[in-house]
2 protein chains.
Amino acid sequence: MSGGLKVDNLELMKEISITSPTKILLLVIDGLGGLPSPKTGKTELETANTPNLDRLASKGICGLIDPVGPGITPGSTPGHLALFGYDPFKFSIGRGVVEAMGIAFDLKPEDIAARGNFCTVDEAGLVTDRRAGRISTEKCAELCRLLDGLVIEGVKLSVCPVREHRFIAVFRGKGLSPEVSDSDPQQVGVAPRPITALNPQADKMANIANEFVTQAKKVLAKHHPANMVLLRGFSRQVNLPTMPEVYKLKPAAIAQYPMYRGLARLVGMEVLETGTTIKEEFDIMKQNYKAYDFFFVHIKETDSAGEDGDFERKARVIEEVDSALSTLLNLEPDVIVVTGDHSTPALLKGHSWHPVPILLYSKWCRPDKVEKFSESACILGGLGRLPATEIVPLAMAHALKLTKFGA
Amino acid sequence: MSGGLKVDNLELMKEISITSPTKILLLVIDGLGGLPSPKTGKTELETANTPNLDRLASKGICGLIDPVGPGITPGSTPGHLALFGYDPFKFSIGRGVVEAMGIAFDLKPEDIAARGNFCTVDEAGLVTDRRAGRISTEKCAELCRLLDGLVIEGVKLSVCPVREHRFIAVFRGKGLSPEVSDSDPQQVGVAPRPITALNPQADKMANIANEFVTQAKKVLAKHHPANMVLLRGFSRQVNLPTMPEVYKLKPAAIAQYPMYRGLARLVGMEVLETGTTIKEEFDIMKQNYKAYDFFFVHIKETDSAGEDGDFERKARVIEEVDSALSTLLNLEPDVIVVTGDHSTPALLKGHSWHPVPILLYSKWCRPDKVEKFSESACILGGLGRLPATEIVPLAMAHALKLTKFGA
């Protein structure tokens, strides 16, 4: 129900948003939501000692968000797009582009970017390790230099390292198309797949990509375990309406990992240089507090710990966030939102579909009775259960950055 | 908000609604939702002593509604359209038309209505006061008479007073279009803007509107401070499917203020004459109880008190509603819905985005554990948090006025 063709959130925001001196903090604790340990009946968040987050929860308003939809396990890209207010179904962004943005590669509108893995193949050409034993980033860079600058049928290749076994391949030339299949078979024991055109206009692209794979195989032959490449997510730059255009914000991103920096750049945030610890990230926000009115601060380690199935480590990272939090609280931002881009329960060792706890604190929120920031307490929160795309509109409202809709 | 092509509520209602002898009361306490007083931690509604509403809440089912969407502060028009089941994004009604309806101006389908302000300009023609010092309604009426009846290129102008400096200008003639820009610059220190056509079909309209402004300036030259006009919200009557058509109801509206009477008329309600007190409004419903099966009863004073920042007065008006309520309860309507069109927290002195408490009482509701009609209690209500457009369908269902959907 809930009638009719719904308005485009971003169009509405463009219409009613205004600039004001108030400041918003969106703290994203990646993979925040969890599942209870069978021993204690408590999730990672419920296990962690989080006096600062609990105090914010009791002064503020809580709830649960669905990043993409009930039952849907989000990848990091749709998870973050939704947090920034972009419908993840409407704005689908290829993996190649996300990785390229992550290393600030200067993509041109016609470029085609693919995400690459260095991998290991056996003598029969079958993949034995999709990640080539997770070679070092330095090794990756060295191998990329061997492939970078190739020219195939007038198309120039840029091959750039990302991290460990990950790289990007960017194809620049005329008449290219992203409408080709992946070579990455997503499993071992089989050969890399030939790249095929998904429509006749993409024949040239498929040929050039296959030729690149062939040449790469020759070049890498003696570099076992990284003796082959896998490509996926061929894609072209997407023009998203930016957060400054839509929300009239001056947003900054503080994130260590390239991918999140790339997503932030894609929606028009300025990406600030930062160190690798939570404390360093928070200090960067403090140092740049005057220059921006929206801060996206990204904590990666909760998700990594969850993916590793390390319940205790995930809980400890949450505690580390909590104890460093006073640096941010002392800045007294007008609106503070704490949530995640999806759940990553250590029990599942991966992203999951479970809704994610959210807390919103502002002078103008109508508090509920939630006194602890936890999955179970948030069920009874005043925000209820809502799509993640509503977060920025809610934050904007509480920062008094939205004018009235309609007469 | 929250993407995707949803079913059209009104089409569905048209399909499954039936006429029956049951009666529905929709009591709208304008601006009902509030924010807690820093002193007591209680909102206006929580401060008021409301034994009747609390009894209804404990026998019925409660929840929170978003009139337009999370974070969106509704104007009165979208707020009320949503309460009547109309998607406020789909049915957007221009300011000119709303004001014209408010004074029950008999708009024809081709008429173009604009909202006008008498304003003050200096010798250089720059606006110094957008409201001409809020001249009296009497003065406004006197000035309107000077402009009313002008004919420009065969187009007849009606210029009618609304209240204080506000008036409407209605353009009646052939080949007109609402697709023109405002002359109101929404700020002082600049000249009124020329009205421009937003597409070539609107050239005639823009020319005539500019000529009206030119003539008005001459006529008003000696009437400082009201020596100029500003126009905005050029719009044409919207044809809404009416409530009798959609819901097969015979609806009546009881509201003191012109604007709400206008909105009710727009959706096909019969507007009953009423006095100015809450008690008088309720008595009118009693007197007309047999003739209708849906009653929209509108209480304005809660919103006015909230806009004035008068927390205590808003609480007292809510108490007044509660104590007069027995008149309505004694009629034993089959379904009683009590809610607001938006929140108007006294602390914010204006409409806000906060969700609005709702209670629904009927013999057929599945009660929850809410025992008090308040913002915080409604968080845990059985209706959960829902868009305001679902209210009429829910009321219809509880009145047994909807048949089964599908085989």
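Residues numbered from 1 in each chain as written. Chains lettered and ligands numbered in written order. Predicted model: local features only at pLDDT ≥ 70, side-chain atom pairs only at ≥ 80, totals over all residues. Heavy atoms only, no water.

Caption draft 1: Summary view of the overall build of chain A. A count of helical and extended segments in chain A gives 15 helices and 14 strands. The C-alpha atoms of chain A give a radius of gyration of 22 Å, which matches the 22 Å a tight globule of 407 residues would have. Taken over the C-alpha atoms alone, chain A extends approximately 65 × 55 × 45 Å along its principal axes. When contacts within chain A are restricted to residue pairs at least 6 apart in sequence, those whose partners lie at least 24 apart make up 73%. Charged side chains of chain A number 47 positive and 49 negative; the gap between the two group centres comes to 2 Å. (Helix = DSSP H or I, 4+ residues; strand = E, 2+ residues; numbered from the N terminus. Rg over C-alpha atoms; globule rule 2.2 N^0.38 Å. Contact = heavy atoms within 4.5 Å. Lys, Arg positive; Asp, Glu negative; His and termini not counted. Charge placed at Lys NZ, Arg CZ, Asp CG, Glu CD.)

Caption draft 2: Inspection of the sheet that holds strand 1 (residues 24-29) of chain B at higher detail. Residues and elements named next belong to chain B. Taken in spatial order, the eight strands make up an open sheet running 10-9-11-1-12-13-2-14, and their pairing is mixed. The open sheet has two free edges, formed respectively by strand 10 (270-271) and strand 14 (384-387), since each of these has just one partner strand. Sheet analysis places strand 2 (residues 61-66) next to strand 13 (residues 356-362), joined by five bridges and oriented antiparallel. Considered in strand 13, the bridge of isoleucine 61 is made with leucine 360. Sitting on the sheet, helix 10 (residues 278-287) touches strand 1, strand 9 (251-254) and strand 11 (294-299), and the angle it makes with strand 11 is about 175°. (Pairing = 2+ DSSP bridges. Axes fitted to C-alpha atoms, helices over the stretch in contact; angles between N-to-C directions.)

Caption draft 3: Region of the structure containing the interface of chain B and chain A. Each partner contributes residues to the interface: chain B has 47 residues there, and chain A has 34 residues. If you look at where chain B meets chain A, you find zero salt bridges. In this assembly, chain B and chain A are joined by nine residue pairs in polar contact (both at pLDDT 80 or more). Along the lines of polarity and charge, the residues of the side of chain B that touches chain A split into 24 nonpolar, 16 polar and seven charged. (Salt bridge = Lys/Arg side-chain N within 4 Å of Asp/Glu carboxyl O. Polar contact = N/O pair within 3.5 Å; in protein donor to acceptor, adjacent residues only side chain to side chain. Nonpolar A, V, L, I, M, F, W, Y, C, P; charged D, E, K, R; others polar.)

Caption draft 4: How the structure looks around the side chain of Thr43(A). Residue and element names in this part refer to chain A. Following the sequence through the fold, threonine 43 ends up in the loop between strand 1 (24-29) and helix 2 (44-47). Residue threonine 43 is classed as buried on the basis of its relative accessible area of 3%. In this view, threonine 43 contacts Gly34, Leu35, Pro36, Phe311 and Glu375; residues no more than four positions away in its chain are not counted. (Buried < 20%, exposed > 50% of the residue type's maximum accessible area, 1.4 Å probe, protein only.)

Caption draft 5: Region of the structure containing helix 5 (residues 95-102) of chain B. Residue and element names in this part refer to chain B. The element helix 5 is extensively covered by neighbouring structure, given that seven of its eight residues are classed as buried. Listed as buried for helix 5 are Gly96, Val97, Val98, Glu99, Ala100, Met101 and Gly102. Next to the buried residues of helix 5 lie helix 4 (76-83), strand 3 (112-121), strand 6 (155-163), strand 7 (166-172), strand 8 (228-236) and helix 9 (258-266).

Caption draft 6: A look at the packing of aromatic side chains. All names here are of chain B. Tallying each qualifying case throughout the model produces 15 aromatic pairs over all chains. Between phenylalanine 118 and phenylalanine 167 the ring centres are 4.6 Å apart and the planes differ by 45°, which places this aromatic pair in the tilted class. One end of the pair, phenylalanine 118, is in strand 3; the other, phenylalanine 167, is in strand 7, and 49 residues separate them in sequence. Accessibility expressed as a relative area gives 0% for phenylalanine 118, which makes it buried. Here tyrosine 289 and phenylalanine 295 contribute two aromatic rings whose centre-to-centre distance is 5.6 Å and whose plane-to-plane angle is 15°, an arrangement assigned as stacked. On the basis of relative accessibility, which here comes to 13%, the residue tyrosine 289 falls in the buried class. Classification of phenylalanine 295 by relative accessible area gives buried; the value is 0%. (Phe/Tyr/Trp six-rings, centres within 6.5 Å; stacked < 30°, edge-to-face > 60°.)

Caption draft 7: View of the sheet that holds strand 11 (residues 294-299) of chain A. All names here are of chain A. Judged by pairing direction, the sheet is mixed, and its eight strands sit side by side in the order 10-9-11-1-12-13-2-14 without closing on themselves. Two strands lie at the open edges of the sheet, namely strand 10 (270-271) and strand 14 (384-387), each paired on one side alone. Contacts from helix 4 (residues 76-83) reach strand 1, strand 2 (61-66), strand 11 and strand 12 (335-339) within the one sheet, and its direction differs from that of strand 1 by about 160°.

Caption draft 8: Region of interest: the packing of helix 4 of chain A against helix 9 (residues 258-266) of chain A. All names here are of chain A. Between helix 4 and helix 9, the least distance of the axes is 11 Å, while the angle of their chain directions is 40°. Taken together, the axis directions place helix 4 and helix 9 in an arrangement best described as oblique. Crossing hand, helix 4 versus helix 9: right-handed. Residues Ser76, Thr77 and His80 of helix 4 pack against Met259, Tyr260 and Leu263 of helix 9. Here the residues of the contact of helix 4 with helix 9 are counted per class, giving three nonpolar, three polar and no charged. (Parallel < 35°, antiparallel > 145°, perpendicular 65-115°, else oblique. Left-handed = near helix turned anticlockwise from the far one by under 90°.)

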